[in-house]
Amino acid sequence: MIQRNDLLGSYLSIIMYAIIFFIMPIFLILNGLRYFKYKKLVVAGIRPLSPNEYSSYALYNIMGGIGFTLFTVLFFFPNLFQDPFYNILSRFAWIGFLIILSVGYYLTKKDPFSKN
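Residues numbered from 1 in each chain as written. Predicted model: local features only at pLDDT ≥ 70, side-chain atom pairs only at ≥ 80, totals over all residues. Heavy atoms only, no water.

A. Highlighting the pattern of salt bridges. If you walk through the whole model with that rule in mind, you get 2 salt bridges. Close ionic contact of R34 with D111 constitutes a salt bridge, the shortest N to O distance being 2.8 Å. With R34 in helix α1 (residues 4-38) and D111 in the segment after α3 (84-106), this residue pair connects regions lying 77 residues apart in the sequence. A salt bridge links R47 to E53, with the shortest nitrogen-to-oxygen separation between them at 3.2 Å. Take E53: its relative accessible area is 24%, and that puts it in the partly exposed class. (Salt bridge = Lys/Arg side-chain N within 4 Å of Asp/Glu carboxyl O. Helix = DSSP H or I, 4+ residues; strand = E, 2+ residues; numbered from the N terminus. Buried < 20%, exposed > 50% of the residue type's maximum accessible area, 1.4 Å probe, protein only.)

B. Looking closely at α3. With 23 residues, α3 extends 33 Å between its outermost C-alpha atoms, agreeing within 8% with the 33 Å of an ideal straight helix rising 1.5 Å per residue. When we look at burial in α3, the residues that qualify are N87, S90, W94, L98, S102 and Y105. (Expected span 1.5 Å × (residues − 1).)

Note that every value here comes from positions in space, so none of it alone points to a role or purpose.
Below you can see the structure in the form of structure tokens.
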């Protein structure tokens, strides 16, 4: 019989995996694109950055988002379904979703995350 703590730990593991490998890459990529499009950046770090470091930080955000996406595509999607066709289809669907989201965000006229 599965104990409640084991079940809770399983749910928390799944939630953390989803946050780190599915949601965080989206925010990293959009944060980098936001800087190159609107010159606005969310900086999350130990020390404050000077304005001449923003472009490299934005580029690192984009590369980190792509890296997390590649990790997810290579190590999560191969074991998602028993049929290999659906595994390949899910990989292309996830990458296609991220590409469409990124291009759509880059082509917007007004910053959707701006308060004004």
